[in-house]
Amino acid sequence: MISSDMLIVFVSLFIVFIGLGFYGKYWRRGDLNHVHEWSLAGRKLGTTLVFFLIGADLYTAYSFVAIPSGVFAKGSLYFFAIPYVMLTFAVALVAMPRLWTLAKEKGYITASDFVKDRFGSRTLAIMIAVTGIVAELPYIALQIVGMQAVLTVMLAGYANAQLVQEISLLVAFVILAAFTYTSGLRGATLTAIFKDILVWITVIAIIVIVPITIGGFGNAFKAASSSYVTLPEDLVPAYATLILGSALALYLYPHAISGVLSAQSAQKLRTSTALLPLYGIGLAVLALMGVLVYAVPGAMNFLSGFPASSRGILVVPSLILYSLPSWFSGVALLGVFVGGLVPAAIMAMAQANLLTRNIIKEIKPNLSDKSEIRITKAASTVFKFVALGFVFSVPATYAISLQLLGGILIAQILPAVFCGLYVKSLRKVPLIIGLFVGIISGILMVEFTNSFGQLTSSLLKTAFGPIYIAVIALGINLVISFGGSLIQKKMDSKKETAQ
Amino acid sequence: MSMHSKTRYIILALLILIPSIVNLGVPIYNRDSPELFGLPFFYWFQTFWLVACTGFYLGYSKLMEKKHD
């Protein structure tokens, strides 16, 4: 049962959040009837704002829910999230400023715009857009699962909790849809800063208060089993490939690319990317909560009232509830709640851009700018409610599993997007075949690993130990893309000599 | 001049490669001692490495900026 002061804090902060979202329309005013103004905030964001916006992409329900949940259930393996974010910024430092420069020069809004121009292939561009939209859906669903977890913990013990929870989520989403419709990426950026302040306060409070109340980290590790202290030897290949695969995939997600393209200059983008690993410290604290919770009897007792499969996602909200003063829990829980809401908005906007620019416009090329922005805004609303409907209809644990599949899919656009930035010799046909085979083999390996049942693992057992499927599928894809381009080049030069 | 730009290129590559090799070299940090405030080495090292990485990346970013002067 929650106290009234906590509820008052939670609701008042949510009202501030809504206010900021709508105010975004007037902030750094631009003509929001232009696509780049609405979806890239006019490409005017400086170092600090890009830091917060991309930070919002990173600090999603994935870090609040999926990672602590994994650490809680499986132990050290899920700490891979920390080296993964470090590596992803190395990838971003090399690839993204170049994409930014080309996008600014040629007016690209999406990765698919770049691919179409670079390879002159509509098929490849549409395939990349569809992959982006599909991979993003479970990511949005995961954000909603995180928000659901907050509400579940807040409403535990009340009658009609399920109904109240679904209505609250629906209300939150209507508000979110309304302000992204009017303010675009500006609204998302302002709310992202607000969200980050709440999250950082929470992270600092937890890392100070919890170890003191439980008598040091050591006690938490004693309460948990040995696979929590270090990584079991047989999981080293899994750990390394999860780092590699996830790091290569993050900046291929459409929402990450929108964040990058909203920067004011390539150098500002570089500086903010270089600083982003600092953000990971908060992520590390959140991940550690999966272990710390073992030493907090109140939270463990509360969690034992839920089925084992859904305990993990409740770790962070229940640790907040049982270790912080009640009014402060209101601050922290709202932080986690909007921590799902803000990224969901950014992701749905990125999907909408892909649908309008790279799919609808391909079919109807004479679409006016005005219709383009109208369809984009409407589509971003639709995508949010599709994800919400998805969460209401499938169990939460299943939503997290689908996120694993999303990562495997999005990694397959790497040869066309990242390699396409630097490698001149790549050709469109091998890229199309590589992308297709990468996706099909990825899905088959996931299904095989999970014996064609519910998805719980994304690691394939091999002779070298368990390997993250995204890396294997990407390997196959890269061999086809590069090998095929080489063969095509040789055939072309033979033709020339024959003539 | 070409020697200078070659050195610059090597330094840029190292600033990206060193942190990445450590991150992917799991056996380097997969141990429990020495502990720090009760945290096993595995956990505190990776958290500390976030700060070190920021240093490497800022170096890369600054060196890239110089080219445009």
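The rules behind these values
- Residues numbered from 1 in each chain as written.
- Chains lettered and ligands numbered in written order.
- Predicted model: local features only at pLDDT ≥ 70, side-chain atom pairs only at ≥ 80, totals over all residues.
- Helix = DSSP H or I, 4+ residues; strand = E, 2+ residues; numbered from the N terminus.
- Rg over C-alpha atoms; globule rule 2.2 N^0.38 Å.
- Buried ≥ 20, exposed ≤ 12 C-beta atoms within 10 Å, placed from the backbone.
- Contact = placed C-beta atoms within 7 Å.
- Expected span 1.5 Å × (residues − 1).
- Bend = angle between axes of the 7 residues up to and from the residue.
- Axes fitted to C-alpha atoms, helices over the stretch in contact; angles between N-to-C directions.
- Parallel < 35°, antiparallel > 145°, perpendicular 65-115°, else oblique.
- Left-handed = near helix turned anticlockwise from the far one by under 90°.
- Nonpolar A, V, L, I, M, F, W, Y, C, P; charged D, E, K, R; others polar.
- Pairing = 2+ DSSP bridges.
- Core = buried A, V, L, I, M, F, W, Y, C linked by C-beta atoms within 7 Å.
- Arc of directions from axis to C-beta.
- pLDDT = per-residue confidence, 0-100.

(A) Expanded view of the overall build of chain B. Looking only at helices and strands, chain B has three helices and zero strands in total. Taken from N to C terminus, the helices and strands of chain B fall in the order α-α-α. Radius of gyration (C-alpha) of chain B: 16 Å, far over the 11 Å computed for a compact globule of 69 residues. If you line up chain B on its principal axes, its C-alpha atoms span 50 × 20 × 15 Å. When the 69 residues of chain B are sorted by exposure, 30% land in the buried category.

(B) Seen up close, the overall build of chain A. Helix and strand content of chain A: 23 helices and two strands. For 499 residues, the compact-globule estimate of 2.2 N^0.38 gives 23 Å, and the C-alpha radius of gyration of chain A, at 23 Å, lies within 12% of that figure. Across chain A, every contact between residues at least 6 apart in sequence was considered, and the portion connecting residues at least 24 apart equals 84%.

(C) Highlighting helix H5 (residues 81–106) of chain A. Residues and elements named next belong to chain A. Taking 1.5 Å of rise per residue, the 26 residues of H5 would be expected to cover 38 Å, and the 35 Å separating its terminal C-alpha atoms lies within 8% of that figure. At Ala92, H5 shows its largest kink, close to 40°. By the criterion of burial, H5 is predominantly enclosed, with 19 of the 26 residues buried. The first or second residue beyond H5 is Gly107, which carries a positive phi of 75°.

(D) Representation of the packing of helix H6 (residues 111–119) of chain A against helix H21 (residues 414–422) of chain A. All names here are of chain A. Contact geometry for H6 and H21: axes closest at 10 Å, N-to-C directions at 60°. Accordingly, the angle class assigned to the pair H6 and H21 is oblique. H21 is crossed by H6, and the crossing has left-handed handedness. On H21, the residues that touch Ala111, Phe114, Val115, Arg118 and Phe119 of H6 are Ala416, Val417 and Gly420. Across the contact of H6 with H21, the residue classes tally to six nonpolar, one polar and one charged.

(E) A look at the interface of chain B and chain A. Listed as interface residues are 28 residues of chain B and, on the opposing side, 33 residues of chain A. Top contributing element to the side of chain B that touches chain A by residue count: helix H3 (residues 41–67) of chain B, with 14 residues. Across the side of chain B that touches chain A, the residue classes break down as 17 nonpolar, eight polar and three charged.

(F) Examining the pairing of strand S2 (residues 465–468) of chain A more closely. Residue and element names in this part refer to chain A. The pairing of strand S1 (residues 459–462) with S2 spans four bridges and is classified as antiparallel. Bridged to Leu460 within S2 is Ile467. Remark: two residues form the turn of the hairpin made by S1 and S2, two consecutive strands paired antiparallel.

(G) Representation of the nonpolar core. Residues and elements named next belong to chain A. Residues Ala81, Ile82, Ile144, Ala287, Leu292 and Leu319 are the most contacted members of the largest nonpolar core, which totals 202 residues. Counting residues per element, this core draws most heavily on helix H7 (residues 122–155), which supplies 20 residues. Leu292 has contacts with Val210, Ile214, Ala220 and Leu319, leaving out every residue within four places of it along the chain.

(H) View of unusual backbone geometry. All names here are of chain B. Residue Ser33 is joined to Pro34 through a cis peptide bond whose omega torsion reads 0°. Mapped onto the elements, Pro34 comes out in the loop between helix H2 (26–29) and H3. Of note in the backbone geometry, Phe37 takes a positive phi value of approximately 50° without being a glycine. You can call Phe37 exposed: it has 9 C-beta atoms within 10 Å.

(I) The arrangement of the packing of helix H8 (residues 161–183) of chain A against helix H19 (residues 369–393) of chain A in detail. Residue and element names in this part refer to chain A. With their axes 10 Å apart at the nearest point, H8 and H19 run at an angle of 165° to one another. Regarding the angle of H8 to H19, the classification is roughly antiparallel. Here the hand of the crossing between H8 and H19 comes out right-handed. Contact residues: H8 offers Glu166, Leu169, Phe173, Leu176, Ala177, Thr180 and Tyr181, while H19 offers Lys377, Ser380, Thr381, Lys384, Phe385, Leu388 and Phe392. A class-by-class count of the residues in the contact of H8 with H19 yields eight nonpolar, three polar and three charged.

(J) Representation of the environment of Phe10(A). Residue and element names in this part refer to chain A. The residue Phe10 is located in helix H1 (residues 4–23) in this model. A sequence separation of 174 residues divides Phe10 from Gly184, and the C-alpha atoms of the two residues are 25 Å apart. Here Phe10 is in contact with Gly330, Leu333 and Leu334, once residues within four sequence places are set aside.

(K) Structural view of H1(A). All names here are of chain A. The end-to-end C-alpha distance of H1 is 29 Å, a good match for the 28 Å that 20 residues give at a rise of 1.5 Å each. Where H1 is concerned, the buried positions are Met6, Val9, Phe10, Phe17, Leu20 and Gly21. With its buried residues spanning 110° around the axis, H1 presents them on a single face. Pointing more than 90 degrees away from the buried face of H1 are the exposed residues Ser4, Ile8, Val11, Ser12, Ile15 and Val16. Summarising the contacts, the buried residues of H1 are in contact with H8, helix H9 (185–214) and helix H18 (326–363).

(L) How the structure looks around the environment of Gly120(A). All names here are of chain A. Mapped onto the elements, Gly120 comes out in the loop between H6 and H7. Take Gly120: there are 10 C-beta atoms within 10 Å of it, and that puts it in the exposed class. Through-space distance from the C-alpha of Gly120 to that of Leu292 is 53 Å; in sequence the pair is 172 residues apart.

(M) Quick peek at the environment of Val423(A). Residues and elements named next belong to chain A. Looking at the secondary structure, you find Val423 in the loop between H21 and helix H22 (428–449). Owing to 12 C-beta atoms within 10 Å, Val423 belongs among the exposed residues under this scheme. Along the backbone, Val423 and Phe482 are 59 residues apart, and their C-alpha atoms lie at a distance of 9.7 Å.

(N) View of the confidence of the model for chain B. Residues at a pLDDT of 70 or more form 91% of chain B, whose mean pLDDT is 88. Reported confidences for the modelled complex are a pTM of 0.90 and an ipTM of 0.93.

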